[in-house]
Amino acid sequence: MPTQTLRIGVLTGGGDCPGINAALRAVTKSLILKHDAEVLGFLDGFEGLVERNVEPLHYRDVSGILTQGGTILGASNRADPFNYHPRGGANVSAQVLKTVQNLGLDALVAIGGDGTMSIAHRLSELGIEVVGLPKTIDNDLVGTDRTFGFDTAVHIASAAIDRIHTTAQSHHRVMIVETMGCHAGWIALHAGLASGADVILLPELDYTVEEVARVCRERERVGQRFTIVAVAEGAKQKDGEHVVQERDDRRTDSLRLGGIGNVLADELREFVDSSVRTTVLGHMQRGGTPTAYDRNLATAFGTRAAALAATGRAGIMVGVQEGSFTTVPLADVAGHTRTVPMDAPLLASALDLGISLGVPNPDVKTNAEPVPPVPS
Ligand code: F6P
């Protein structure tokens, strides 16, 4: 009896990031080459799944896209099938299930961030075989130490801070650089440390203006007449509120953060003599070609997700933990955020260098492990 050809769907949900096309290429090529499967791409994330906007992905369609930013399928963060705003917030998941059955899909690979993984989990509870593939510049998915897109965002942000440094020096200014990252401070921490920021403000540690001003004034006092502050968009002042750019209930995450850099500048002006300027890096961090690291991570995730989808293992997300590839149940990922823990080694290194985290004596685990003795 001839065996039926495997048919796997793929979509890219949520905000885009560099490396998605590399992942799509890996998923598609390995499904075709190794598993002799047919691949269908849904357009604009879950919207394509609801509206049945779908097209076959052939080998040729994904050739030459390894280095391209964005996603050739399009993405949307306003298309939750359980709360589908184009139809007044209706739950259209039953329709999605029917579409998956009518198309004869054996599995669906969902490339996305936290919102996508939560939807993927709910769809898998309905009986759809879903494999998750973690992408986001925020690096905030539970179950994986890295998401692809993050490394590229850190490179872009640190290159920007490097450039801010020279103009800060010339004008003896306080320069604030606001990074993305949602409620996690990974981008600000990694880019700030890589580019020699003097103050790094994270969502995980509420700052005080007095402490930031202390650093600026102290640097002035010792003749270093400029200060670089890297601030994550999700950071906030102690006892203060998050600075929100927009509320949009159609998004999977209704609050769009942004603007803390300008708020902080206004607060600081009352405390320091130097002029203060803010640069908001914004979507620049999500655009353009992925780094080699992100291309390879996306490729490794993609081939693994393809193998899992082809062999009937679903309800899981691929990830990397402590240097090894792994899988985690979507149930463990959905609805959680991986923020920077207080024992993150880079936090301790920042403190050892005299970098301020915006609070005096933060409760950070120090690099206290003894250096191993030199063998005799
Ligand atoms: O999750 C990625 C991210 O870029 C966040 O860092 C940021 O808060 C958000 O998306 C911005 O969303 P949008 O693309 O809808 O402006």
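Residues numbered from 1 in each chain as written. Predicted model: local features only at pLDDT ≥ 70, side-chain atom pairs only at ≥ 80, totals over all residues. Heavy atoms only, no water.

Draft legend 1. The arrangement of the packing of helix H5 (residues 150-171) against helix H6 (residues 186-194) in detail. Running from N to C, H5 and H6 point in directions that differ by 45°, and their axes come no closer than 8 Å. Here H6 runs oblique to H5, going by the angle between their axes. Here H5 runs over H6; the crossing is right-handed. On H6, the residues touching Phe 150, Ala 153, Val 154, Ala 157, Ser 158 and Ile 161 of H5 are Trp 186, Ile 187, His 190, Ala 191, Gly 192 and Ala 194. (Axes fitted to C-alpha atoms, helices over the stretch in contact; angles between N-to-C directions. Helix = DSSP H or I, 4+ residues; strand = E, 2+ residues; numbered from the N terminus. Parallel < 35°, antiparallel > 145°, perpendicular 65-115°, else oblique. Left-handed = near helix turned anticlockwise from the far one by under 90°. Contact = heavy atoms within 4.5 Å.)

Draft legend 2. Representation of the pairing of strand E12 (residues 316-321) within the structure. Among the six residues that make up E12, five are buried, leaving the element largely enclosed by the rest of the structure. Looking at chain direction, strand E5 (residues 130-134) and E12 are connected through two bridges and run parallel. Of the residues in E12, the one forming a bridge with Gly 132 is Met 317. Bridge count for E12 against strand E13 (residues 324-329) is six bridges, and the pairing is antiparallel. Along E13, the bridge assignment pairs Val 318 with Thr 327. Taken together, E12 and the strand that follows it, E13, pair antiparallel across an intervening segment of two residues, in which Glu 322 is found at a positive phi of about 50°. (Buried < 20%, exposed > 50% of the residue type's maximum accessible area, 1.4 Å probe, protein only. Pairing = 2+ DSSP bridges.)

Draft legend 3. Just the site of the ligand, in detail. In the vicinity of the ligand, the contacting residues are Asn 77, Thr 136, Ile 137, Asp 138, Met 180, Gly 181, Cys 182, Glu 233, Arg 251, Arg 256, His 283 and Arg 286. Between the ligand and Asn 77 there is a distance of 3.3 Å, counted from an oxygen atom to a side-chain nitrogen or oxygen. Taking Asp 138, its side chain carries an N or O atom lying 2.7 Å from an oxygen atom of the ligand. Protein chains shield 84% of the accessible area of the ligand, which is 400 Å² for the free molecule. Taking a 2 Å distance to the grid points as the criterion, the majority of the atoms of the ligand fall inside the largest pocket. The class makeup of the residues in the shell around the ligand is three nonpolar, four polar and five charged. (Near = heavy atom within 4 Å. Polar contact = N/O pair within 3.5 Å; in protein donor to acceptor, adjacent residues only side chain to side chain. Areas by Shrake-Rupley, 256 points an atom, 1.4 Å probe, with all protein chains shown as cover. 1 Å grid on protein atoms, 1.4 Å probe; cavity = no way out; pocket = protein on both sides within 12 Å on 5 of 7 lines; lining within 4 Å. Sits in = over half its atoms within 2 Å of the grid points. Nonpolar A, V, L, I, M, F, W, Y, C, P; charged D, E, K, R; others polar.)

Draft legend 4. Representation of empty space enclosed by the protein within the structure. Applying the stated criterion across every chain, the model contains one cavity of 30 Å³ or more. Put simply, the largest cavity is a space of about 50 Å³. Gly 13, Gly 14, Phe 46, Ser 76, Asn 77, Arg 78, Ala 79, Asp 80, Gly 115, Thr 116, Ile 119 and Thr 252 are the residues that line the largest cavity. Looking at the lining of the largest cavity, the element that brings in the most residues is helix H4 (residues 114-125), giving three residues. (Points joined across faces, edges and corners; volume = space filled by probe spheres on them.)

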